[in-house]
Amino acid sequence: MKKTLVLVLAVLLALSVTTAFAQKASGVFMGTAIRSLENPYHAVWARGAQSFADSVGGIAVIQTCEGSSEKQLNDIKALIAKAGKNAVFSIDPNESPNVIPIAKALEAAGVYFVTYWNKPDTVKVTDYPHWVAHISFSGTLAGEFMGNELFKSMGGKGKIVALQGMLANTTAIERYTGLQAALKKAPGITLAAVDTAEWDRTKAFEKMKSFLVANPDVGGVWAANDNMALGALEAIRAAGLAGKVKVVGCDGVDEMIAAVKAGEAAATVINPAFWQGGMGLSLALAAKDGKINVKTLPVEKRAFFAKAVEVTSANIDSIIATYVKGTPKYDWNDYYGSYVAPIK
Amino acid sequence: MGETILELKRAKKAFPGVTALDGVDFRVERNEILGLVGENGAGKSTLMKILIGLQTVDEGEYFLRGERAALDGPSAAIRKGIGMVFQEGCMIPNLSVMDNLFLGNEDSFGRGPLMPVKAMAQAARGELEAVGLGRLNPKSTVGDISSAEKQMLEIARLLWLSRLYGVDNPILILDEPTTVLQESEVERLFSILGALKARASIVFISHRLEEVVQLSDRIVVLKDGRLMADLGRGQADVKAIERLMVGHELAVEHYRESMQTDCGSEVVLCVKELRLGGRFEDFSMDLHRGEIVSLVGLMGSGKEEVCRCLGGSEVPDSGSIAVHGKPARFASPKNAIDAGIGIVPIDRRNDGLATSLDVMSNINLLILDRMRSGPFLKPALEKASARRWVEECLIKTPSLQTSCSTLSGGNQQKVVIAKWLAAEAAILVLDHPTRGIDVGAKDEIYRRIRALAAAGLSIIIMCDTLEEDIGLSNRMIVMKDGRIVREIPCPKDAKPAPVAVIGYIV
Amino acid sequence: MDGLAAAASTAPRAATRPLASRLLSFASKGTRGQIVALAIVMLIFAIGTAGTSVSLKNLQTILSLAGIPMIICLAIHQVVVIGAMDLSTEGVISLAAVTSGFLIKNPFTAYDIGFWVIPVAILIGGSAGLVNGLINTKIRMPSFIATLGMWWVTQGLAVIIGKGNAVKMLDQRFQNIANGDVMGIPVTILIALGVFAILFVVQRRTRFGRYLYAIGGDETLARQAGIKVDRVKVIVFTITGCIYALASILLVARLASSNPRTGKDLMFPAMTAVAVGGVSLSGGVGGALNAVFGALIVTALNNGMVLMKVSPYLQNAVNGIVLIAAVAVTIDRKKIGIIK
């Protein structure tokens, strides 16, 4: 019994390893380090990365860390060890402090890389000659936009509740800051309750159910991401209030776009994951190939906010055509076309 | 003589280093109460384990109800109508009385999907009544009932099972049933056993000879794995049985008595009025330099607990311990080590040694502080120390790096002693130092103990047999039911006879 | 036998007690502390929210929120009762969820097997549980390791099958059931209570139930009593897997969406609830009723904290304190002998 088991396990292991290495063995290794493939956002990201790699004949290597900073760093180091300088990296750091060891490792190996989203403010991209860019999307602007759209849908007055993302997460904090900025400019709106649903749909559903008891007259829900917005929306539907109590979220997942179309959600923001997946690698590869000279780049091009796609009922049809039904076409050589503002 | 329903013929059983049963003929008759007595190590427990199928004989035959018995465990034994009642009971603590009673055999109350709980409770009440537990609620949790009740519950279970399996006249083996009982409970137990005799045979094992004589129809005495006597009711009194238990002859030079030295006058250890609730009380003793004091008593006499208190692994409720005239705190094993008391436990493999470590590490375990240079251990110092003690204690080991798990029992013993000597312990507590060690190696240990005493170490010892206690010690302290009942000097030329001592013990 | 006659005369006392007192003793057996805890939690929040928390509407909300966690607690607690551990919860739920998502009417596949998805999901959950049990008993691997491995495997399979997609469920009937109610009582809690009723009867009235506790109390003795310990364990793990699948379907139905994260973050809260409910993690003590109370207490606590606007930063800490306090109190009442 035991021997058979060991044998079966060995065969399984061998199979999975051989399939992993059966990829073509020439071209630049294009590492993409992301959270996991379990969520649609990163799944689309990986598709973008794959698409870009295919377009230039590189070898896409998708690494998922499943929430472990250590695994992320180890995976990156493993690929460097294998590929040497024949690699570029596009990274969504698991946590912002994780950026430091990753940047040091890549810098030491002489591998060009681009990071997204998380970075401690004190870490300067310009201190690392191989760190081509740190790109983010302004959570504050997104949060404020979401707030404004929500308030607009409520006619500028009423009660809202808010669902924060993972506490202490930079993006969650920024988006919430944006909401507060929007609230300042909307005297008719009161924030009746705030809680966290930790980005999670089920938790948002549960919190919303409790919110509805305490605030039966709530007029709208601001959720820091679409997952939570959709969870809250289910609770609203169950209470028979769909369409009357609108939700807003961020990330632009398909179901949320459908909810905007159906008039149950007021707005969402698409952070173009496909673009991120491709552009991160494209920028790093351009630096490796000498198409852009990192040393002479102006500071604001090294750390900047990129353009997010704002979705409201006004532009919903064209959004669906471009992003849901089709795959958006990007010019991967238009390196700074989505530039919005420098990250201070 | 009644009909024989269980018979063991010329049973032999040996374990490495010791012959537990040496050709024993043993039988149990229908409807009798058979008393089984013998000193610790006489072979009683081995005999019992063979009877209930936990062990098999090396030689000899086992017949149950006229058929050759091949039992592969207690449950098979119960099917054949023989079962053992353990002192603390063998019941599942979180289940109810009734659940335990019928566990595994619920089908006999019907095979429907739901158990007929009411019928079962009623049947349980009947079974309990039969063993005098009529007032026990069948639904109470076994963890909450008393030891006496647990014991009776086990008897009830065995009786019920024997009826279920259609076995006539089951054999119940009761191991020291009275030690966990109050006096009134003992009387009740005896009256119930007397009544049960009508439909069962009972093997009654006890150290309390008065009880055995009072209750038994027949008494069998074991000594050193041999059957010494098979006495009918009234054929022997307590004194005669005591004599049979310890034997007559005591060889002159068994325990290296000629090497016995007189102890010094300096009091090394002074224990005053030590008490541990429910275990022992009013325990006082002085231990002199170079003295060997033997603590004697049955299981439950409190001697083990006294030694545990001295080793710091148990904290006494009151009393004081002074070492070299200085009062010492004994709240943890570390205190004891610091005070210079070394314990050589009975279970060397698990308690005394880190068997996965090598000889050197074990010897130096307590003195690593002295092996340091700065924060690091110095291998040269470690080796020198280990080598010295391996030589002094005559430890037979292929190398200092040999893992202790591969050494023989005797050599493991020596490593433990070497560890304490290295730590400069002035007092050693030897807990059954010759347990599981073969005869030749025993003599070496006796010489070793003598040499330690001659070198000025003070020793408290607990031995396997009374003869060993008498032979080895300068003085014996006899304990019974948690109290010191007698101190008996054992000078080398005037050792007391075991027969004279056993009366104080049992 | 003469004892039987004697016993018969004392027997009928149980049957004549009034129903109310029998119900009370039935509930209080081993759950007295939990009833008090639940009452205290409800009382504190009733005061803290000026009554909102005990309004009919909120009681309904608590029940509807407690349903699925309760089912998961009922699944896990059985394994705990036999003295084992099951860490595969989240993986098995995710796997069953993702597979079900593709089998009910959805935008990704052509399958639409309707309610037949329930037996299919239960088959998946049951198989995972069966394998857990077999690894535990046949290969003699600690349940902790066996189920930890199963968690990784099922979570991995869920990702492979789901490819990271959130699958929208287009069959409205499921959602109607999961979010619906019968005379004001949420369907999920009714299903949970159904599971509870079955397990309760099994535990109190069948041989199998008795054997669970025998194994949890002392496996060696249980074996000696002739109980087929391995078989019982395998069955327990399998049933647990089946119940996970049931919870999984309800989770998917409630949000009309499945993805490989569906089971995430469900195990520790459930384990917490099981412990708070008074099921001893060392086995043999506590049953289905404890699991029910555990789930209710934890749900009421979380609901109350939202209503009272307790800072989200504090909520997890409060959960932890309640867990430790509850277990400390529970252990105090037990016999030392059975704490392993």
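In this convention, every chain numbers its residues from 1, walking through the sequence in written order. All chains are assigned letters beginning with A, and all ligands numbers beginning with 1, in the order in which they are written. Given that this is a predicted model, residues contribute local features only at a pLDDT of at least 70 and side-chain atom pairs are listed and counted only at 80 or more, while totals for whole chains, interfaces and linings are drawn from all residues. The side-chain numbers reported here are obtained from all heavy atoms of the structure, hydrogens and water having been left aside.

**Focus on the domain arrangement of chain A**
Residues and elements named next belong to chain A.
Then comes step 1: Assigned domains within chain A: domain 1 (28-137 + 272-307 + 330-342) and domain 2 (139-270).
Then comes step 2: Domain borders in the structure are assigned automatically or taken from a domain database. Distance from the C-alpha centre of domain 1 to the C-alpha centre of domain 2: 31 Å.
Then comes step 3: Any two residues having at least one pair of non-hydrogen atoms within 4.5 Å are treated as being in contact. On the domain 2 side, the residues contacting the five residues of domain 1 number six residues.
Then comes step 4: Together domain 1 and domain 2 conceal approximately 520 Å² of surface at their shared face, both sides included; 49% is due to carbon and sulfur atoms.
Then comes step 5: Here the buried area means the combined drop in accessible surface, using a 1.4 Å probe, for two parts upon being joined, counting both sides. On the domain 1 side of the interface with domain 2, the three residues burying the most area are Trp117, Asn118 and Pro272, jointly 48% of the side's total.
Then comes step 6: For this analysis, a salt bridge means a side-chain nitrogen from Lys or Arg found within 4 Å of a carboxyl oxygen belonging to Asp or Glu. The interface formed by domain 1 and domain 2 includes zero salt bridges.
Then comes step 7: The term polar contact refers here to a pair of N or O atoms within 3.5 Å; inside protein, the definition further demands a hydrogen-donor-capable atom paired with an acceptor-capable atom, and it admits residues adjacent in sequence only when both atoms are side-chain atoms. Linking domain 1 with domain 2 are one residue pair in polar contact (both at pLDDT 80 or more), by the criterion used here.
Then comes step 8: Just so you know the grouping, Ala, Val, Leu, Ile, Met, Phe, Trp, Tyr, Cys and Pro go in nonpolar, Asp, Glu, Lys and Arg go in charged, and all remaining residues, Gly too, go in polar. A class-by-class count of the residues in the side of domain 1 that touches domain 2 yields three nonpolar, two polar and no charged.

**Let's talk about the interface of chain C and chain B**
Then comes step 1: In this complex, chain C contributes 30 residues to the contact, which on the side of chain B involves 32 residues.
Then comes step 2: Roughly 2500 Å² of surface becomes buried between chain C and chain B when both sides are summed, with 62% attributable to carbon and sulfur atoms.
Then comes step 3: For the interface between chain C and chain B, the tally reads two salt bridges.
Then comes step 4: A salt bridge links arginine 210 of chain C to aspartate 99 of chain B, with the nearest nitrogen and oxygen atoms 2.3 Å apart.
Then comes step 5: Our enumeration of links across chain C and chain B arrives at eight residue pairs in polar contact (both at pLDDT 80 or more).
Then comes step 6: Secondary-structure elements contributing two or more residues to the side of chain C that touches chain B are helix H1 (2-10), helix H9 (187-205), helix H10 (207-217) and helix H11 (219-224) of chain C.
Then comes step 7: The leading source of residues in the side of chain C that touches chain B is H10 of chain C, at seven residues.
Then comes step 8: Class assignment of the residues belonging to the side of chain C that touches chain B gives a composition of 16 nonpolar, seven polar and seven charged. The helix and strand labels rest on DSSP assignments: H or I over at least four residues marks a helix, E over at least two residues marks a strand, and numbering proceeds from the N terminus.

**A closer look at the side chain of glutamine 260 of chain B**
Residues and elements named next belong to chain B.
Then comes step 1: Of note, glutamine 260 is situated in the loop between helix H8 (238-246) and strand E11 (267-276).
Then comes step 2: Exposure categories follow from relative accessible area, calculated using a 1.4 Å probe and restricted to protein chains: below 20% of the type maximum is buried, above 50% is exposed, and the middle band is partly exposed. Looking at glutamine 260, the relative accessible area reads 5%, which means it is buried.
Then comes step 3: Looking at glutamine 260, its side chain comes within polar contact range of the main-chain oxygen of cysteine 490, at 3.1 Å.
Then comes step 4: At 2.8 Å, the side chain of glutamine 260 and the side chain of lysine 495 are in polar contact.
Then comes step 5: Every residue in contact with glutamine 260, bar those within four places of it in the chain, is listed here: Arg450, Gly471, Leu472, Ser473, Asn474, Cys490, Pro491, Lys492 and Lys495.

**Thoughts on the interface of chain C and chain A**
It is common to report an interface's size as the accessible area lost on association of the parts.
Then comes step 1: Opposite the 34 residues of chain C that make contact, chain A presents 33 residues.
Then comes step 2: For the pairing of chain C and chain A, the buried interface totals around 3000 Å² over both sides, and the portion due to carbon and sulfur atoms is 58%.
Then comes step 3: By the criterion of area lost to chain A, the three top residues of chain C are Ile139, Leu255 and Val306 of chain C, representing 20% of everything that side buries.
Then comes step 4: A salt bridge links lysine 203 of chain A to aspartate 265 of chain C; the shortest N-O distance between them is 3.0 Å.
Then comes step 5: Linking chain C with chain A are 10 residue pairs in polar contact (both at pLDDT 80 or more).
Then comes step 6: Elements with a minimum of two residues in the side of chain C that touches chain A: helix H4 (56-81), helix H7 (143-162), helix H12 (229-255), helix H14 (288-307) and helix H15 (312-333) of chain C.
Then comes step 7: The dominant element in the side of chain C that touches chain A, judged by the number of residues it contributes, is H4 of chain C, at five residues.
Then comes step 8: Here the residues of the side of chain C that touches chain A sort into 12 nonpolar, 13 polar and nine charged.

**Topic: the sheet that holds strand E7 (residues 171-175) of chain B**
Through backbone hydrogen bonds, the strands of a sheet pair up, either in parallel or in antiparallel fashion.
Residues and elements named next belong to chain B.
Then comes step 1: The criterion for strand pairing is that DSSP finds at least two bridges linking the strands in question. Across the sheet, six strands lie side by side as E6-E7-E8-E3-E9-E10; this open sheet has mixed pairing. Only two strands of the sheet have a single partner each, and these edge strands are strand E6 (82-85) and strand E10 (226-232). Strand-to-strand, the axes of this sheet are offset by a mean angle of 20°, without reference to chain direction.
Then comes step 2: With four bridges joining them, strand E3 (residues 33-38) and strand E8 (residues 201-205) adopt parallel strand pairing. Bridge assignment links leucine 36 to a residue of E8, and that residue is isoleucine 205.
Then comes step 3: Packing against the sheet, helix H6 (residues 183-196) makes contact with E3, E7 and E8, and its axis sits at approximately 145° to E8.
Then comes step 4: Against the sheet, H8 contacts E3, strand E9 (218-223) and E10, and its axis sits at roughly 30° relative to E9. Geometry is summarised by axes, namely lines fitted to C-alpha atoms with helices restricted to the contacting stretch, and by angles between N-to-C directions that run from 0 to 180 degrees.

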